[in-house]
Amino acid sequence: MHQEIQKMREIALVYLDRSGGLQKFVHDCKKYNDSKQSYAVYRFIISINPSDIAELDATLGNYILHEPLQAAQIFQSVCFIAIKTLSLIEQLQTEAQICILLKPTHLPPLPSYILSLSAFPFNYTSQRFYMSEGISIAMGTVTKYTQGARFLCTEETCPFSEGFRYIRVHLPGATESATVRNDFVCSLCSSPLQEDMKFRVLGDKQIVEMIDAKVLNALKGYSNDKSHFRIQTFTVFLRDELANKMKIGNHYKIIGIPACVQNGLQATACIEVNSVELCKPNGPSFVSDNFKYLLSLTSSSCWRFTAILANIFASQVVPPGTYNTLKLAILLSLVQTCEKENADYLDLLIVTSDALVIDRLLNYSICLLPRGIRHPPSSEIFPSVSKDKHGTGSASIQACSAVLAKGGICYIGDLSSYKKDKLELLQSVLESRTTTVFIPGKKYGEEADQQVTISVQTNFWSFVDVDSSSKKHIQKDNFLIGQMDTSLIPPNLLDGFGLLIYNEFPSCLLSSPLVHHILKKAINPEAMLYRVSQQFRMQDYEEFILFAKNLHVELSSEAENLIQGYYVASRRVRRDSIHGSILSASALKILISLSKAHTKLSLRKKVLEEDALIAILLFESSLTLKHGKSALCIAPNPVFPFDLSDENSLQQRDSYLIQCHHQLLKFIGAYGPGIHMNTNEE
C-alpha cells in the first residue's frame with residue numbers, strides 16, 4: 001500500500017507540473033511567504049481534470065473521484081515536500097498545516113455521478129464527488145466559519161504544548177462544533193487540549209437552498225405532462241471564494257461532496273460545493289416544417305404570418321379566430337422574454353368580463369416557456385426574509401414567484417384581489433425591474449442593517465374582472481370616447497403594464513363557436529376539435545417560441561423614425577393643462593419592445609415599418625382604453641378589424657393596414673412638426 005501511495009504522489013507531482021498547477025501553487029505560496037505571518041492552516045486550491053489524471057494513472061484518477069478526502073492527503077504530502085524543498089514558506093512547520101481543496105473541472109457523464117434529490121436512494125454517506133443541478137430558491141447571508149484551528153497541550157512539560165502538532169481543519173459536512181471542541185486530549189500525555197485563539201483561521205460561508213428544476217413544471221397552472229415525481233429542496237454550502245457566486249432564482253450545475261448535517265434531532269442532507277457553473281438554456285435551432293411552410297406561403301406580406309399565428313393559437317383552449325388581439329399580444333410577450341440585464345420587457349394587463357376563459361388561455365400560454373410560473377395567491381410575489389432553518393440564526397432570502405419566473409412569465413392572476421401595499425410594490429418593480437429586501441441586523445444577529453437588491457427579469461401577466469370589480473367601486477360617468485373605467489387600478493400601475501387589452505366578447509354575448517368549444521371540451525377534455533390543433537401542436541409552439549425569442553433583432557432607420565414620429569405627435573396630442581403630456585415615461589421603450597417582438601414572431605432580424613405599425617396600433621389601442629380616442633382615431637379593434645377566414649380576408653386586412661399606415665403618416669405630419677417622414681405614394 002505504501003508503494004501505491006508513493007507512486008500516486010509521483011503521478012500527482014507530474015500532473016501538477018504538466019497542468020500548470022505547480023506554477024500556480026508556487027505563486028500562492030509566495031503570497032503567504034510575503035505576509036511574514038504564521039498561520040495555523042495554509043489553504044490551497046488545486047484544479048483537477050479527471051480525464052487527464054486518469055490518462056496519467058487510472059488508480060489516482062479513481063482515487064480522486066471516489067476517495068477525494070484521501071486523495072487530498074496525497075496532494076498535501078506533495079505540496080509539503082515542494083514547500084520544504086524549495087523553501088517556499090518559511091513559517092510552515094508541519095504537513096498538517098496544509099489544507100488542500102481539490103476542484104474537479106467536470107465528472108464523467110455517467111448516471112452514477114449524478115445526484116438527484118427527486119430520486120432515491122440518496123447516497124450521502126459515500127463522501128465522494130457528485131454532480132447535481134437545480135434552481136437556487138433561498139440564499140442566506142454570508143457568515144463566518146472556522147476554516148482551521150491550532151490546539152496545544154495544557155501540560156507545560158509536554159513537547160506538544162507548543163508547535164503545530166494538533167491542527168483541526170473543516171471537513172465536508174462537519175459542523176462548527178465538530179471542528180472546534182473542548183474535549184480533545186493529547187495523544188502523548190492524555191492531558192486536555194486547548195485552542196490557541198490567535199491562530200484560528202476564519203472563512204466565509206453561505207447556505208443556499210436548491211431544488212430540482214422539475215419544480216418549474218409543478219408551478220405551472222396547467223400542463224400536459226401527467227407524470228408524477230417527488231420534489232425536495234437540498235442544502236448547499238458555499239465556502240470562501242464560492243460565497244456570493246450564486247444568484248437567487250438562477251439554474252446552476254454544481255460539483256460537490258454530499259453529507260448529512262445533524263442539527264439537534266433533525267438531520268439535513270446537504271452538499272459541500274467545490275465548483276459552481278451557471279446553466280444557460282439553449283433554445284432549439286429549428287422550427288417545425290408546418291411553421292416553415294406557413295411562413296413561405298405568407299412571404300408576400302409582413303403581416304400575414306403573425307396574423308395566422310394569432311388566429312390559430314391555443315386552439316386547445318379557445319376556437320380559432322377568437323380573442324385574436326389578445327392572442328397576438330400573448331405571443332409577442334412570450335417571444336420578448338430573456339434573462340439579460342436591461343432586456344425589452346412586455347407586460348400584459350387584460351380587462352375582461354369572462355375571467356374563466358381568459359384564465360384558461362393565460363394558463364395554457366405560460367406552459368409554452370420553461371419558466372412560466374402561475375403565482376399561487378397564498379404565497380409572496382416578491383422575495384421575503386426569514387430565519388435560516390439550520391440553526392445559525394442568520395437571515396435567509398426566499399425566492400418567490402417573480403424570481404423563479406426569471407427569463408419567463410409570472411402570471412399573477414386577478415389584479416383586483418391584491419391589497420394596496422402589494423400593488424404599490426408591483427408598480428415599483430414594473431418601473432425599476434428590481435426589488436429590495438431589508439434585513440434588520442438586530443433580528444438576525446448582524447451588527448448593521450442590510451439592504452439586498454434583487455433583479456426581477458420577467459414579464460408580468462394579470463387581468464381585471466370587470467364583473468367582480470364593478471361591485472367594489474362606483475363607476476364614473478364622464479368617459480371620453482373609447483375610454484374604459486379603470487379607476488379600480490392606480491394610474492401609475494396601469495402605466496407600468498406595457499399593454500392594456502380588452503377582450504372582444506362580453507360575458508353575456510359569448511360567441512357561438514366559443515360556447516360550442518367549451519361544451520365539447522367539458523364532455524371530452526382530450527378531444528382535438530380542430531385540424532390546426534393537430535397540424536400545430538403545443539410542442540411545435542414551444543419550439544417556435546424558444547427559437548424566436550433567441551433571435552437578435554435590430555431597428556431599421558425607417559421603423560425608428562416612424563416610432564419616434566408617433567411618440568412625439570402623441571405627446572403633443574395627449575396632454576392636459578395640469579399634468580402636461582399623459583404619456584408614460586416608458587412609452588417609447590414599450591413601442592420599441594412591441595416592434596422587436598413582432599419582428600421575432602415574424603422570424604426576421606430587422607425591424608421594419610410594418611412591425612412598427614402593428615406596435616403603434618396595439619399601443620394606441622391601449623392608450624384609447626386608458627384615456628379615450630386621440631386625433632389618430634383608430635378603429636376599436638385596429639389590428640384585427642374583421643374575421644380571418646380565407647385568402648381574401650387576409651388581403652383585405654393588408655389593404656386596411658396600408659391605409660392605417662398612410663393615416664399614421666398624416667397624423668405625424670400634422671402633430672409632429674420637425675419629424676421628417678418619407679411617404680411612398682402609389
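Up top is the structure.
Before going into details, it helps to say that this report is about the structure given with it. (Residues numbered from 1 in each chain as written. Predicted model: local features only at pLDDT ≥ 70, side-chain atom pairs only at ≥ 80, totals over all residues. Heavy atoms only, no water.)

A word on helix 21 (residues 609–627). A turn of α-helix holds 3.6 residues, and therefore any two residues three or four places apart point the same way. Here helix 21 is 19 residues long and its end C-alpha atoms lie 26 Å apart, about the 27 Å a rise of 1.5 Å per residue gives. Buried residues dominate helix 21, accounting for 16 of its 19 residues. Following helix 21 by one or two positions, glycine 628 has its phi on the positive side, about 90°. (Helix = DSSP H or I, 4+ residues; strand = E, 2+ residues; numbered from the N terminus. Expected span 1.5 Å × (residues − 1). Buried < 20%, exposed > 50% of the residue type's maximum accessible area, 1.4 Å probe, protein only.)

Core analysis: the biggest nonpolar cluster contains 89 residues, and Leu334 and Tyr566 have the highest contact counts within it. When residues in this core are grouped by element, the largest group, nine residues, is from helix 21. With sequence-adjacent residues up to four places away left out, tyrosine 566 is seen in contact with Leu591, Ile616, Phe619, Glu620, Leu623, Leu632, Leu664, Phe667 and Ile668. Judged by nonpolar contacts, the second largest core, of 53 residues, contains Leu238, Met246, Val429 and Val456. (Core = buried A, V, L, I, M, F, W, Y, C linked by side-chain atoms within 4.5 Å. Contact = heavy atoms within 4.5 Å.)

A word on the pairing of strand 15 (residues 409–414). In the case of a regular strand, side chains alternate between the two sheet surfaces. For strand 15, a buried count of six out of six residues is recorded, marking the element as mostly surrounded by other parts of the structure. Summarising the sheet, strand 12 (residues 372–374) and strand 15 pair through three bridges and their orientation is parallel. Residue pairing across strands places arginine 374 opposite tyrosine 411, the latter belonging to strand 15. Bridge analysis of strand 15 against strand 18 (residues 459–465) gives four bridges, and the strand direction is parallel. By the bridge assignment for strand 18, aspartate 414 is matched with phenylalanine 463. (Pairing = 2+ DSSP bridges.)

Pairing in this open sheet of five strands is parallel, and the strands run 12-15-18-11-19 from one edge to the other. Because the sheet does not close on itself, it has two edges, and the strands there are strand 12 and strand 19 (499–502). Across the sheet, the mean angle separating the axes of adjacent strands is 20° when strand polarity is ignored. Relative to strand 18, strand 11 (residues 348–352) is paired through five bridges, and the arrangement is parallel. Its bridge partner being in strand 18, leucine 348 is matched across the sheet by tryptophan 461. Against the sheet, helix 11 (residues 355–366) engages strand 11, strand 12, strand 15 and strand 18, with an angle of about 170° to strand 18. (Axes fitted to C-alpha atoms, helices over the stretch in contact; angles between N-to-C directions.)

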